[in-house]
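Here's the letter readout for the chains.
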Amino acid sequence: MVRQHWETLGTATLLTIVLSAIAPAPAQSQTAVDLSSAEGGKALVTLTRSQQSYHLENSRFARTVAALNTDIPSITPNYQQRITVQSRSSVLHYAIARQPDRKSFVGQVMVSRDRNGNFRSYSIVCENNRPGIRLPAKPRIGTNLRPVCAPGTTPWTLDTIATPAELEATAKQIVGAMTRSQQSYFLENNRFATSLEALELNISPETIGHSYSIAQSNQSAIQYGISQKINLRSYVGAVTIVAIGSGEFNTAGIVCENIQPGTFRPAPPIVSGNGTLSCAPGTQPIGN
């Protein structure tokens, strides 16, 4: 029999620590992230949405930017827009940087018919992880048959233009959710998940601020949210199995953050002999 709990650490339970990560971060006056490339991202969001509407009305994709009837020009000093119709069910949009300090973008719209014969439409916009005048890798098809960003790119929405505090708050939430989901997964499967897809959280391996991954063994699972920017902190969550006798087990969990910002992996939490978890040196529990 498997039972779940959050081990107590000091005066605050680890459940409280993780839930505190989900609370909105207080507003802070910090410099916004990647504003230099916001033009390309905003344009591609507008065009992919317009493409979805165009297909709904015409049962086909527009092949030119002008046909979408938006105020987005095909070319500006910073970006060139390009449309590639792949098939009757898929079209790619590109916002290709014309300046070396800007990032390029790729968007995809996919359509399919439901059981009633009606079109259903899915879209995604992805940003190159690095600036430069080069074409982004096109999105891939995910496990749920929806487009996901390819390696070397990250999802981009209008919410991507965020402060460092907002990006860190998102990472806390994601690592906390991954850690709690690992406990639920073990409860149901008597083993830990080895991939983000298995946790069914619809989390991209890379976002604008952090990359996410899982490392696991028979007795524990480690969830990482590693900063991709030098001014952001990284996060780590751990779940371990604790035997309580008579064939019963508990799962203990904790989420920690690097004390210092930087693009380095946090040290995994420490598991004591009795299964108690604590944050490693250089990290601290979320909420402290």
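See above for the structure.
Residues numbered from 1 in each chain as written. Predicted model: local features only at pLDDT ≥ 70, side-chain atom pairs only at ≥ 80, totals over all residues. Heavy atoms only, no water.

Observations regarding the overall build of the chain
Phase 1 of the analysis: In terms of regular secondary structure, the chain is built from four helices and 17 strands.
Phase 2 of the analysis: For the chain, with 288 residues in total, the buried portion stands at 47%.
Phase 3 of the analysis: Per element, the accessible surface of the chain, about 14,500 Å² overall, is 49% carbon and sulfur. (Helix = DSSP H or I, 4+ residues; strand = E, 2+ residues; numbered from the N terminus. Buried < 20%, exposed > 50% of the residue type's maximum accessible area, 1.4 Å probe, protein only. Areas by Shrake-Rupley, 256 points an atom, 1.4 Å probe, with all protein chains shown as cover.)

Some details on the side chain of Thr240
Phase 1 of the analysis: Mapped onto the secondary structure, Thr240 falls in strand E13 (residues 235-245).
Phase 2 of the analysis: Among the polar contacts made by the side chain of Thr240, one reaches the main-chain carbonyl oxygen of Gln219 at a distance of 3.2 Å.
Phase 3 of the analysis: Not counting the four nearest positions on each side in its chain, Thr240 is found in contact with Gln219, Ser220, Asn250, Thr251, Ala252, Val271, Gly275 and Leu277. (Polar contact = N/O pair within 3.5 Å; in protein donor to acceptor, adjacent residues only side chain to side chain. Contact = heavy atoms within 4.5 Å.)

A short note on the pattern of salt bridges
Phase 1 of the analysis: Summed over all chains, the structure comprises two salt bridges.
Phase 2 of the analysis: Here Glu168 ties to Arg233 by a salt bridge, and the two come within 3.4 Å at their closest N and O atoms. Pair noted here: Glu168 is in helix H3 (residues 164-189) and Arg233 is in the loop between strand E12 (220-227) and E13, with a separation of 65 residues, a long-range link.
Phase 3 of the analysis: Relative accessible area serves as the criterion here: at 11%, Glu168 is assigned to the buried category. (Salt bridge = Lys/Arg side-chain N within 4 Å of Asp/Glu carboxyl O.)

A closer look at the pairing of E13
On any regular strand, side chains alternate: one points to one face of the sheet, the next to the other face.
Phase 1 of the analysis: In terms of burial, E13 is a largely internal element, eight of the eleven residues being buried.
Phase 2 of the analysis: As paired strands, E13 and strand E14 (residues 248-258) are joined by ten bridges and run antiparallel to one another. Residue pairing across strands places Val242 opposite Asn250, the latter belonging to E14.
Phase 3 of the analysis: Remark: two residues form the turn of the hairpin made by E13 and E14, two consecutive strands paired antiparallel; Ser246 in that turn has positive phi of roughly 55°. (Pairing = 2+ DSSP bridges.)

Notes on the state of the cysteines
Defined simply, a disulfide is a covalent bond joining two cysteines at their sulfur atoms.
Phase 1 of the analysis: In total, this model carries two disulfides according to the counting rule given.
Phase 2 of the analysis: Disulfide pairing is shown between Cys126 and Cys149; the S-S distance is 2.1 Å. Between Cys126 and Cys149 the sulfur-sulfur dihedral comes to about -95°; the bridge is accordingly left-handed. Here Cys126, found in strand E7 (residues 119-128), pairs with Cys149, found in the loop between strand E9 (147-148) and strand E10 (153-155); they are 23 residues apart in sequence, far enough to count as distant.
Phase 3 of the analysis: Sulfur-sulfur distance for the disulfide between Cys256 and Cys279 comes to 2.1 Å. Since a negative S-S torsion denotes a left-handed disulfide, the Cys256-Cys279 link at about -90° is left-handed. In this pair, Cys256 sits in strand E14 while Cys279 sits in the loop between strand E16 (277-278) and strand E17 (283-285), placing the two residues 23 residues apart along the sequence.
Phase 4 of the analysis: Judged by its relative accessible area of 0%, Cys256 falls in the buried class.
Phase 5 of the analysis: In the chain, the cysteines engaged in disulfides, taken in order along the sequence, are linked 1-2, 3-4. (Disulfide = S-S within 2.5 Å.)

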